[in-house]
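# Residue-level structure breakdown
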Amino acid sequence: MGAEASEILERLRILRRADAPTHGGRVLSYVYDSGRADLDELAAAAALATQSVNGLDPTTFTSVAVLEREVVGFARTLLGGDNAGDDADSDVVGSVTTGGTESCFLAVKTARDVWIAAGQIGRPRLLAPVTVHAAFQKAAHLFGLDLDLVAVDPATGTLPAAALTSRLGPDVALVVVSAPSYPFAALDPIVEVAAACAASGIACHVDSCIGGWILPFWPDAAGVDVPAWDLRVPGVTSISADLHKYGYAPKGVSVLLQRGRDRQRAQYFATTRWPGYPVVNPTLLGSKSAGALAAAWAIIQRLGTEGFAELAGACARATGRLRATIAAIDGLRVVGDPVGPLIAVAMDETVPAERRVDPHHWADQARAHGWILQQQPGLGQADGSRLPPTTHLTITPVTEEHLDELCAVLQIAADEVRGVPTVTAEQVLAALPLELAAGLAAFDAAPLDSAGAFALLRQLGLIGESDDGRLPDRMAPFLALVEALPHPLTERLLTELLARSVEPR
Ligand SMILES: *Cc1c(COP(=O)(O)O)cnc(C)c1O
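Every residue gets a number counted from 1 within its own chain, in the order that chain's sequence is written. The predicted origin of the model limits local features to residues at a pLDDT of at least 70 and limits the giving and counting of side-chain atom pairs to 80 or more, whereas totals for whole chains, interfaces and linings rest on all residues. For the side-chain quantities, the full set of heavy atoms in the structure was used; hydrogens and water were omitted.

Residues belong to one nonpolar core when they are buried, are Ala, Val, Leu, Ile, Met, Phe, Trp, Tyr or Cys, and are joined through side-chain atoms within 4.5 Å. Note on classification: 1.4 Å probe, protein chains only; a residue is buried when its accessible area is under 20% of the maximum for its type, exposed when over 50%, partly exposed between these limits. With 96 residues, the main nonpolar core has Trp213, Trp229, Leu243, Tyr246 and Leu257 as its most contacted residues. Here the limits of each domain have been adopted from an automatic or database domain assignment. There are two domains that each give this core at least three residues, and those are domain 1 (47-298) and domain 2 (305-417). Counting 25 residues, the second-largest nonpolar core is a separate cluster that includes Val334, Val345, Ala363 and Val417.

Written as structure tokens, this is what we have:
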């Protein structure tokens, strides 16, 4: 006989207590708290009601087809895909996927297969600004496309349209632009890029994974003019929008819309060439949960456009005030002109060194006060320029309820670290044992085995003797290390770190 249900759940409660809080707005990334307990309860009930269903086969579990059809229908209206045209090439159709990454994967897979079907030969290229979500790097890797990442303006994080359109060519299977980009909340020049793509017959995906369920309400909520970015823009061939972000659904649900039935059919995989049941998959998974779909569907019914607009209003008010608060902090600056409920913050290098605030020290300090902001390392670009290290804030409706406290913490944290110099690569390396530093400097992408990577993590102090899988409280030195070491090395080390965290003890 196994453990009692009550004991099992008690253990789960204890484990969950160690997690960062998913509600209350203290974590300004990863979680999207509507601040409405009724929505969470409705979502949970809907997920429970579909718990045993297999989303693999909507002909057996017909509820799945209805839920998906209604979610796609709502998204299509929201994202300007209704009445797109009167032929099969302009009809907008779509799928519900298990998340942003899967929506991005399927946009890439579709474009690649359409490109191949058009008789193109050689290796297809995926062209996008460097700020495009990492899911597209992963997709290019998995689906065999060359990745061509165009530099953005390092001061503002925005893409000059010509920098991208000048690189179009017959080998480009897909261009991706974002509405907005995750790192800097920049709205890419979608009208210009999509027009150039259309003129060359190249597919153009708009990644509105984060913006798709909130930007439609942004003009009214924030009182700003948002240039056209969705399916209303000619030349946009597909668009992704995550329901597990500003759709406030539990994780595991996103929408991918495609212009043109025939284009979208290339998204599918079907085979009757095995002795089992005929396989027809619009998405990557086989058997799949319908829980998050049902939850998202229920939330959509409950909120309707009015409800979404109301929550967007809360996000817009909070974002506006946070932006003004941060802009007024001596030594920090808001990067560019963010569109939507995201803000990236960099050091203001126009003031004297003693007044500058390092964004990673600032985030560490805010964390000490109980608020978790997301640190983003600086990055070299293809044109030789460097994007600055930043700290990222994702603002959700619940943020507004705690705005006074958050704004105060952001100011106090800045006061506490103002003038503290950025941790440099030299400092990080100088603090290490000589032999180790020499070894790192000599690292030439030689394959590091698991034992070697683990030993390095130990020496770097990233895995302690009594490892509880938690990273250090002060992350600035860690991020400096990420910036200082070669990408293949940090990627290998981080892989080891994560892999070790789930190894049975
Ligand atoms: C979140 C996000 C994605 C995909 O991420 P998932 O974590 O898989 O949902 C893609 N693009 C952007 C801009 C995003 O913000």
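Attention now moves to the sheet that holds strand S3 (residues 146-150). Judged by pairing direction, the sheet is mixed, and its seven strands sit side by side in the order S1-S7-S6-S5-S4-S2-S3 without closing on themselves. If you trace the sheet from one side to the other, it starts and ends with strand S1 (92-97) and S3, each paired once. Recorded for the sheet is a direction-independent mean angle of 20° between the axes of neighbouring strands. The contact criterion used is simple: two residues touch if any of their non-hydrogen atoms lie within 4.5 Å. Helix axes are fitted only over the stretch in contact, all axes being lines through C-alpha atoms; the angle between N-to-C directions runs from 0 to 180 degrees. Numbering goes from the N terminus for both helices and strands, where a helix is a DSSP run of H or I of at least four residues and a strand is a run of E of at least two. Running at roughly 125° to S1, helix H3 (residues 62-78) makes contact with S1 and strand S7 (254-259) of the sheet. Strand pairing is defined by DSSP finding a minimum of two bridges between the two strands.

Counting buried residues along strand S2 (residues 125-129), five of its five residues qualify, which places the element largely inside the surrounding structure. Judged by which residues are buried, S2 turns out to be covered on both faces: Arg125, Leu127 and Pro129 on one side and Leu126 and Ala128 on the other are all buried. Summarising the sheet, S2 and S3 pair through five bridges and their orientation is parallel. For Arg125, the partnering residue across the bridge sits in S3 and is Asp146. Call a crossover right-handed when, viewed with both strands pointing away from you, the route from the first strand across the helix to the second goes clockwise. The β-α-β motif built from S2, the intervening helix H5 (residues 135-143) and the parallel element S3 has right-handed crossover chirality. Across three bridges, S2 lies against strand S4 (residues 172-178) in parallel orientation. Counted as the bridge partner of Arg125 is Val172 from S4.

Trans is the common state for peptide bonds, and a negative phi is the common state for residues other than glycine. Backbone torsion omega between Ala179 and Pro180 reads -10°, so that peptide bond is classified as cis. Of note, Pro180 is situated in the loop between S4 and helix H7 (190-200). The phi torsion at Tyr30 lies on the positive side, around 70°, for a residue other than glycine. Within the secondary structure, Tyr30 is located in the loop between helix H1 (5-17) and helix H2 (37-49). We classify Tyr30 as exposed; its relative accessible area is 60%. You will see that Ala185, though not glycine, has its phi angle at about 60°, which is positive. Relative to the helices and strands, Ala185 is located in the loop between S4 and H7.

The subject of this paragraph is the pairing of strand S6 (residues 238-242). Counting buried residues in S6 gives five out of five residues, a clear majority hidden from the surface. Of the two faces of S6, the one carrying Ser238, Ser240 and Asp242 and the one carrying Ile239 and Ala241 are both buried. Judged from the three bridges that link them, strand S5 (residues 203-207) and S6 form a sheet pairing that is parallel. Paired with Val206 across the strands is Ile239, a residue of S6. As judged from the five bridges shared by S6 and S7, these two strands associate in the antiparallel manner. For Ala241, the partnering residue across the bridge sits in S7 and is Val255.

Our next topic: the site of the ligand. Nearness of a residue to a molecule or strand requires only that one of the residue's heavy atoms be within 4 Å of it. Close contacts around the ligand come from Gly100, Thr101, Cys104, His133, Tyr182, Asp207, Cys209, Ile210, Asp242, His244 and Lys245, and that covers them all. His244 has a polar side-chain atom sitting 2.8 Å from an oxygen atom of the ligand. Here the ligand loses 84% of its free accessible area of 380 Å² to cover by the protein chains. Counting residues per element, the shell around the ligand draws most heavily on helix H4 (residues 100-117), at three residues. Within 3.5 Å is the distance limit for a polar contact, defined as a pair of N or O atoms, with the added protein rule that one can donate a hydrogen and the other accept it, and that residues adjacent in sequence qualify only through two side-chain atoms. Residue burial considers only the protein chains on display, and all accessible areas are found by Shrake-Rupley using a 1.4 Å probe.

Our next topic: the side chain of Ser208. Looking at where Ser208 falls in the secondary structure, it is placed in the loop between S5 and helix H8 (218-222). Here Ser240 takes part through its backbone oxygen, which lies 2.7 Å from a polar atom of the side chain of Ser208.

For the chain, the assigned domains are domain 1 (47-298), domain 2 (305-417) and domain 3 (425-501). The partner domain 3 presents eight residues to the 13 residues of domain 2 that form the contact. The term buried area means the drop in 1.4 Å probe accessible area that two parts suffer when joined, counted for both and summed. Of the roughly 870 Å² buried between domain 2 and domain 3, counting both surfaces, carbon and sulfur atoms make up 51%. When the buried surface of domain 2 facing domain 3 is broken down by residue, Asp364, Arg367 and Pro377 rank first, second and third, together holding 45% of it. Counted as salt bridges are all cases of a side-chain nitrogen of Lys or Arg within 4 Å of a carboxyl oxygen of Asp or Glu. At the boundary of domain 2 and domain 3, one finds one salt bridge. With a shortest N-O distance of 3.7 Å, Glu483 and Arg386 are connected by a salt bridge. If you look at where domain 2 meets domain 3, you find four residue pairs in polar contact (both at pLDDT 80 or more). Of all elements in the fold, only helix H11 (359-368) and strand S12 (374-376) reach the threshold of two or more residues within the side of domain 2 that touches domain 3.

Residue placement: Ser385 occurs in the loop between strand S13 (379-380) and strand S14 (386-387). By relative accessible area, Ser385 is classed as buried at 18%. Within polar-contact distance, the side chain of Ser385 engages the side chain of Asp383 at 2.6 Å. Leave out the neighbours within four places in its chain, and Ser385 touches Pro154, Leu379 and Gly380.

Attention now goes to the sheet that holds strand S11 (residues 342-347). With antiparallel pairing, the four strands of this open sheet are ordered in space as S10-S11-S15-S12. Looking along the sheet, the strands with just one partner apiece sit at the ends: strand S10 (332-334) and S12. Direction aside, neighbouring strands of the sheet carry axes that sit 30° apart on average. Two strands pair when backbone bridges link them, and S12 and strand S15 (residues 390-394) are joined in this way by three bridges, in the antiparallel orientation. Bridging across to S15, Gln375 finds its partner in Thr391.

This part takes up the pattern of salt bridges. Applying the stated criterion to the full structure yields 23 salt bridges. Of the charged contacts, one joins Glu405 and Arg26 as a salt bridge, the two residues approaching to 2.7 Å between their closest N and O atoms. With Glu405 in helix H12 (residues 403-417) and Arg26 in the loop between H1 and H2, this residue pair connects regions lying 379 residues apart in the sequence. Across the pair Arg323 and Asp337 runs a salt bridge whose closest N-O atoms are separated by 2.9 Å. Of this pair, Arg323 sits in helix H10 (residues 291-327) while Asp337 is found in the loop between S10 and S11, placing the two residues 14 residues apart along the sequence. With a relative accessible area of 29%, Arg323 lands in the partly exposed category. According to the relative accessible area criterion, Asp337 is exposed, its value standing at 54%. Residues joined by salt bridges that share partners form a network here, namely Arg125, Asp148, Arg167 and Asp171.

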